[in-house]
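What follows is each chain in one-letter form.
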Amino acid sequence: MAAQGLSLVIISFNEVDNLSRCIGSVGDLADEVLVVDSFSTDGTQELARQLGATVIERPFEGHREQKQWAIGQAQYDWVLSLDADEALDSDLRKSIKKVKANYHSDGYYMNRLNRLNGQWIRYGAWYPDRKMRLFHRDKYQMGGRNPHDRFDPQPGATTENLTGDILHYTNDDLGSRVETQNKFSTLAAQSYYEAGKRGSLWRVWIKPKARFLVEYLWKGGWRDGFHGYYIAKTSAQYVFWREAKLLDLCRKEQL
């Protein structure tokens, strides 16, 4: 079977520091590069065009909604969805090149290796952090809750695992992770509330403790040293904020 066209799809907002690395890591694997941008002010759109991408402006309505809309605008049915702060390592690039020549499945999972404060995190909840990012767009469905989107195979779709890693250049310093967690916990609480979930003091108390124990002890986050402890601790803090904010939304509803 002849190779089918592949669209690299990226959503962006002020990603001028990341975009070259992301698109460059994919290289000629992509027959189209599509960037859906939420009105960046740092030159992201100009850089994307210089790198050969098609740029579409669209207001940001949520991670899930933005990515699903962007995939629908792609030229080709086969889609590689990456965040702007992600890149393919050489092994994953070779794996994608191989399957692109003859797709045997409807979707392909790959591991994601995350970096925090200059250190690659290889244990705990952050690795292997498996994601389906290469798929036929007629064979996937959006999963997860904002801001944590997920691509899931449709019932009956076939999947495989690919060798290699997505390199995720997440927070460059420890403080920025706290800022991110605070922001994302607000979005998550709103998403839970709109889905009909209701908060409680029990959830505020027990869920953060459970998250820390799972990430640090059961999943082995301790093996990443201080960074492993920091990730588990801030993950627990994220859950505390999410549950507290959800409870606050529910209480305001009753006023």
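Rules used in this analysis
Residues numbered from 1 in each chain as written. Predicted model: local features only at pLDDT ≥ 70, side-chain atom pairs only at ≥ 80, totals over all residues. Heavy atoms only, no water. Helix = DSSP H or I, 4+ residues; strand = E, 2+ residues; numbered from the N terminus. Contact = heavy atoms within 4.5 Å. Polar contact = N/O pair within 3.5 Å; in protein donor to acceptor, adjacent residues only side chain to side chain. Salt bridge = Lys/Arg side-chain N within 4 Å of Asp/Glu carboxyl O. Buried < 20%, exposed > 50% of the residue type's maximum accessible area, 1.4 Å probe, protein only.

Remarks on the environment of serine 7
By the secondary structure assignment, serine 7 is in strand S1 (residues 6–12). With 74 residues separating them in the primary sequence, serine 7 and serine 81 have C-alpha atoms 8.3 Å apart. Those residues within four positions of serine 7 in sequence are excluded, and the remaining contacts are Glu32, Ala74, Gln75, Tyr76, Trp78, Val79 and Leu80. A polar contact of 2.5 Å, which involves the side chain of serine 7, links it to the side chain of glutamate 32.

Section: the pattern of salt bridges
Two side chains carrying opposite charge are able to pair once their charged atoms lie near each other. For the structure shown, the criterion picks out 17 salt bridges. Salt-bridge contacts for arginine 112 lead to glutamate 86; the nearest nitrogen and oxygen are separated by 2.7 Å. Of this pair, arginine 112 sits in strand S6 (residues 107–116) while glutamate 86 sits in strand S5 (residues 86–88); the two residues are 26 residues apart in sequence, bridging distant segments of the chain. The class for glutamate 86 is buried, based on a relative accessible area of 0%. For the salt bridge of arginine 133 with glutamate 86, the shortest nitrogen-to-oxygen distance reads 2.6 Å. A residue pair is termed long-range when its members are at least 10 positions apart, and arginine 133 in strand S8 (residues 131–136) and glutamate 86 in strand S5 qualify at 47 residues.

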